[in-house]
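Structural overview
Chain residues, written in single-letter form:
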Amino acid sequence: QVQLVESGGGLVQPGGSLRLSCVGSGFLFSTYGMYWYRQAPGKTRELVASIASGGNTVYADSVKGRFTISRDNGKNTVYLQMDSLKPEDTAVYYCSGRLLYWGQGTQVTVSS
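A few points on the structure. (Residues numbered from 1 in each chain as written. Predicted model: local features only at pLDDT ≥ 70, side-chain atom pairs only at ≥ 80, totals over all residues. Heavy atoms only, no water.)

**Thoughts on the packing of aromatic side chains**
- Per the stated rule, a full pass over the model turns up 6 aromatic pairs.
- Each ring, one from Phe27 and one from Phe29, has its centre 6.0 Å from the other, and the planes form 40°; the classification is tilted.
- For Phe29, a relative accessible area of 1% gives the class buried.
- A ring pair is formed by Phe27 and Tyr32, whose centres lie 4.6 Å apart and whose planes are at 50°; its orientation type is tilted. Exposure class is identical for Phe27 and Tyr32. Each is buried.
- An aromatic cluster is defined as three or more aromatic residues linked by ring pairs; in this entry it consists of Phe27, Phe29, Tyr32 and Tyr101.
- The ring of Trp102 is capped by Arg45, whose NZ or CZ atom sits 5.0 Å from the centre of that ring.
- Cation over ring: Arg98 sits above Tyr32, and NZ or CZ is 3.9 Å from the ring centre. (Phe/Tyr/Trp six-rings, centres within 6.5 Å; stacked < 30°, edge-to-face > 60°. Buried < 20%, exposed > 50% of the residue type's maximum accessible area, 1.4 Å probe, protein only. Lys NZ or Arg CZ within 6 Å of the ring centre and 35° of its normal.)

Listed below in C-alpha cells is the structure:
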C-alpha cells in the first residue's frame, strides 16, 4: 500500500521559516521523482518544487531563492525548506510521487 505522509506545517510569522517533510512507503522511493504542490483557498493547485530521482531540481518562480527541496533516499523522505516566508505562501502543501500518489497535505499559514 502506497503512502505519503506530510508533516511540519504550522503558523509562522512573515519572514520566518518552516521545514516540511514527506515520508513515502510502499514504493521504490529512490526511483521516483518527488514533488511539492500547494493549494491556497479559491485557487488551483500549483507546483512549488520538484526533485528528480537523480537530484535535479525545479522551482516555481515565486519561491526561487527562498525554498529548497531535497531528498534522503535512505529515509524515504523528501523535504521542503521554506525561508523568508510571505503571507502569499499560505496554503495546504502536498507532496507527490511521480504525480501518481499524493499525501493528505499539511497546512502552512504565514501571518502576523
